[in-house]
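Next come the chains, spelled out residue by residue.
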Amino acid sequence: LKYVVAFGQGVFGPHYVMAASSSWGPNSGRLRGERVVETTPLAQFSDQLKDLLCNTIEKQTRELDERERAIAEREQKFEEYLRHQHSSRKVVMRVGQEVFWTTSDVLLSQPDTYFHGMLNPEFKQEEDGTYFIARDGHSFGYVLEYLTYGELHSAVDVAHCGKLRADADFYGLPGLREAVDRLTPPPSGPPQAMWQSTMQASHNSPIKWNVSVIDACPHLFTLSEDLTQITVNKGGTFLVFGKVSGNPNNGSVGIHLYQNASLVDTVYGTSYENSPYPFTYTINSVVIAKASDTLSVKNLTGQSTVVANSPSSLRLEAVECTGKQQAEHARSKSGSDFRVGHTSLVGA
């Protein structure tokens, strides 16, 4: 292409050369003295190089600005952290048999907790300036981890889950309780619990389950303070297996299974007067319970239960089958005659 250039000056020197004259040349069709120049490959390369350099400089300038802002933000956060670390009050705590060092900022990182009251000036410290809390020290390590990082990173031993949930409630940390629930591995088998009774229960009185054989999953079962009732914490279908030994009075006697205040199952047996042999009553039932329902077993043998060499026992197991599957599941577990809502007597 040919151009008539009026003016122009490039960064790298003149791209085009311009000369003009007021007279016409013969047969030229253009001004006399006018010089026609062509755009050379060198001129095109010069323009492309200039654009590339400008874009590169702009990009590097933006990257440098972003990097400087990121460095400034990190420096500000680090300065704030150091300021808090040096200005925050140091706190030494004795929890159970263990000693912990932390700061007031860490302890007050969650709102409305036990530690807000503990760090109140009216709270009495020990003579050496420490704070004493009569709770489990191993469990408090997880509590302090949650307060420090805002979440729980360590895996929690299943054996400590119940204690840690109780401590989360004690310290007023609902977020910690939720974190424990998320980190707790699911049970390897059906959730269940089992208790025994080594305490005699008189006629027409509930049996007290004073020995824990299989620790109850706190999500499912809670034993009452008087040891006579099991509260179902999560609704579902449960298999109930029980064994009670007693010396029944002459006539038809038995034991009763209650759900709340309602009788849901009875085991009957008949004994001759002055029989020297105790009877063993076996509960084998399916209960569909709602959250907060209670289960209890009452002795109606006519005499006190027999606990020597034959303690009473009660086992609850959560299942997810219904209808006919429930009966088949329970029958396979016990191997005895089974009907929903009724259990049969196994004599000793």
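Above this text is the structure in question.
Here is a short report on the structure shown in this document. (Residues numbered from 1 in each chain as written. Predicted model: local features only at pLDDT ≥ 70, side-chain atom pairs only at ≥ 80, totals over all residues. Heavy atoms only, no water.)

## Regarding the pattern of salt bridges
Then step 1. A complete count under the given rule lists seven salt bridges for this structure.
Then step 2. With a shortest N-O distance of 2.7 Å, D167 and R135 are connected by a salt bridge. With D167 in helix α5 (residues 158–171) and R135 in the loop between β5 (131–133) and α4 (137–149), this pair connects stretches of sequence that are 32 residues apart.
Then step 3. K290 is the salt-bridge partner of D293, the closest N and O atoms lying 4.0 Å from each other.
Then step 4. Judged by relative accessible area, D293 falls into the buried class, the value being 6%.
Then step 5. The exposure class assigned to K290 is exposed, which follows from its relative accessible area of 57%. (Salt bridge = Lys/Arg side-chain N within 4 Å of Asp/Glu carboxyl O. Helix = DSSP H or I, 4+ residues; strand = E, 2+ residues; numbered from the N terminus. Buried < 20%, exposed > 50% of the residue type's maximum accessible area, 1.4 Å probe, protein only.)

## Describing the sheet that holds strand β14 (residues 279–289)
Then step 1. Judged by pairing direction, the sheet is antiparallel, and its five strands sit side by side in the order β8-β6-β16-β11-β14 without closing on themselves. Each edge of the open sheet is held by one strand with a lone partner, namely β8 (211–214) and β14. Across this sheet, the average inter-strand angle for adjacent strands is 20°, counted without regard to direction.
Then step 2. Pairing of strand β11 (residues 236–246) with strand β16 (residues 312–319), which is carried by seven bridges, proceeds in the antiparallel orientation. Directly across from L239, in β16, lies its bridge partner E317. (Pairing = 2+ DSSP bridges. Axes fitted to C-alpha atoms, helices over the stretch in contact; angles between N-to-C directions.)

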